[in-house]
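# Observations on the model geometry
Here's the letter readout for the chains.
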Amino acid sequence: MLTNRSEVVVKKEMSLLERIYIPAILAGMRITLSHFFKRKATVNYPEVKRPFSPVYRGQHVLKRDEAGAERCTACGLCAVACPAEAITMVASERKKGEENLYREEKYASIYEINMLRCIFCGLCEDACPKEAIFLTDRIVPSTFKRGEFIYGKDKLVEKVDKRVDISKRQTQTVLEFKQNKKFAHNRLYTDKQLKEKH
Ligand code: SF4
Ligand code: SF4
């Protein structure tokens, strides 16, 4: 005996009432009935959807700059910061004539996030010095194939003509931090745009 917490179990004879089960059934029905008059904890999803928090962290987006060039410079800081090791990428050098496609001289020719590993902590967003990656209010859709949870650039980079609004995730603290002149050249929004959004 390792502790003094053990108890001797005695096999008690059941009384007549216990043997006919009716009191136990009635007690169970009383609990079931009491739930009819309580507020439901569930909703009829997908017909009814609960409102999301404005700072909900869902599917990532890789942003483009105002001219449509990809902001990511494949520095790898997001991958290093990721506690789930969900991000991988291959860096390539921008060629002459590709300035309209990639903002920096180095870019990610392959960029992948494993959504099954991701815990949506947002550390990749915090680590990014180029304001290239953000988490959004979009849910990662479910699927039966594991391979479909590896999101490449086709799913991550925003479309030129269909930009993803990430301004909700820009909390006051984040905005104040970004006032630092050191990061000015990377800012996604101008001061005027930010004022309009908040
Ligand atoms: S949200 Fe967190 S876990 Fe997911 S990719 Fe970013 S750093 Fe990794
Ligand atoms: S998303 Fe940001 S942190 Fe990650 S590789 Fe691109 S520039 Fe670097």
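Rules used in this analysis
Residues numbered from 1 in each chain as written. Chains lettered and ligands numbered in written order. Predicted model: local features only at pLDDT ≥ 70, side-chain atom pairs only at ≥ 80, totals over all residues. Helix = DSSP H or I, 4+ residues; strand = E, 2+ residues; numbered from the N terminus. Buried ≥ 20, exposed ≤ 12 C-beta atoms within 10 Å, placed from the backbone. Contact = placed C-beta atoms within 7 Å. Near = placed C-beta within 6 Å. Nonpolar A, V, L, I, M, F, W, Y, C, P; charged D, E, K, R; others polar. Pairing = 2+ DSSP bridges. Core = buried A, V, L, I, M, F, W, Y, C linked by C-beta atoms within 7 Å. Expected span 1.5 Å × (residues − 1).

## Topic: the overall build of the protein chain
What the protein chain contains, in helices and strands, is seven helices and five strands. Listing the helices and strands of the protein chain from first to last along the sequence gives α-α-β-α-β-β-α-β-β-α-α-α. In the protein chain, which comprises 198 residues, the proportion classed as buried is 15%. Considering only contacts in the protein chain between residues 6 or more positions apart, those separated by 24 or more positions represent 76%.

## Concerning the site of ligand 2
Taken together, 13 residues lie around ligand 2, and Cys72, Cys75, Cys78, Cys128 and Ile133 are the ones closest in. For the shell around ligand 2, the per-class residue count stands at ten nonpolar, two polar and one charged.

## Some details on the site of ligand 1
Among the 14 residues in the neighbourhood of ligand 1, the closest are listed as Cys82, Cys118, Cys121, Leu123 and Cys124. In terms of residue class, the shell around ligand 1 is made up of 13 nonpolar, one polar and no charged.

## Some words on the sheet that holds strand β3 (residues 106-114)
Strand order in the open sheet formed by three strands is β2-β3-β5, and the pairing between neighbours is antiparallel. Each edge of the sheet is formed by a strand with only one pairing partner; in this case those strands are β2 (87-93) and β5 (150-151). Looking at chain direction, β3 and β5 are connected through two bridges and run antiparallel. In the sheet register, Asn114 faces β5, and the bridge partner there is Ile150.

## Considering the nonpolar core
With 21 residues, the main nonpolar core has Leu62, Cys72, Cys78, Ile87, Cys124 and Ile133 as its most contacted residues. Taken together, the elements giving at least two residues each to this core come down to β1 (60-62), β3 and β4 (133-135). Residue contributions to this core peak at four residues, all from β3. If we skip the residues at most four places from it in the chain, Cys124 touches Cys78, Ala81, Cys82, Ile87 and Ile133.

## What about the pairing of β3?
Examined bridge by bridge, β2 and β3 share seven bridges and lie antiparallel to one another. Note on β3: the bridge partner recorded for Met89 is Tyr111.

## Some remarks on helix α2 (residues 22-36)
For α2, built from 15 residues, the straight-helix expectation of 21 Å at 1.5 Å per residue is met to within 8% by its first-to-last C-alpha distance of 21 Å. Counting buried residues along α2, only zero of its 15 residues qualify, which leaves the element largely exposed.

## Looking at the environment of Phe134
Relative to the assigned elements, Phe134 resides in strand β4. Assessed through the 22 C-beta atoms surrounding it within 10 Å, Phe134 is described here as buried. For Phe134, the contacting residues outside a window of four places in its chain are His60, Val61, Lys63, Glu125, Ile166 and Arg169.

## Let's talk about the environment of Gly58
Note that Gly58 resides in the loop between α2 and β1. With 14 C-beta atoms packed within 10 Å, Gly58 lands in the partly exposed category. Each C-alpha atom of the pair Gly58 and Phe120 lies 6.5 Å from the other, and the pair is 62 residues apart in sequence. In contact with Gly58, other than residues within four places in its own chain, are Phe120, Leu135, Thr136, Asp137, Arg138, Ile139 and Val140.

## Re unusual backbone geometry
At the junction of Tyr45 and Pro46, the peptide bond is cis and its omega measures out at 5 degrees in the coordinates. By the element assignment, Pro46 lies in the loop between α2 and β1. Despite not being glycine, Tyr21 shows a phi value in the positive range, around 65 degrees. Note that Tyr21 resides in the loop between α1 (16-20) and α2. With phi around 55 degrees, Ala74 is a residue other than glycine that occupies positive phi space. Residue placement: Ala74 occurs in the loop between β1 and α3 (77-81).

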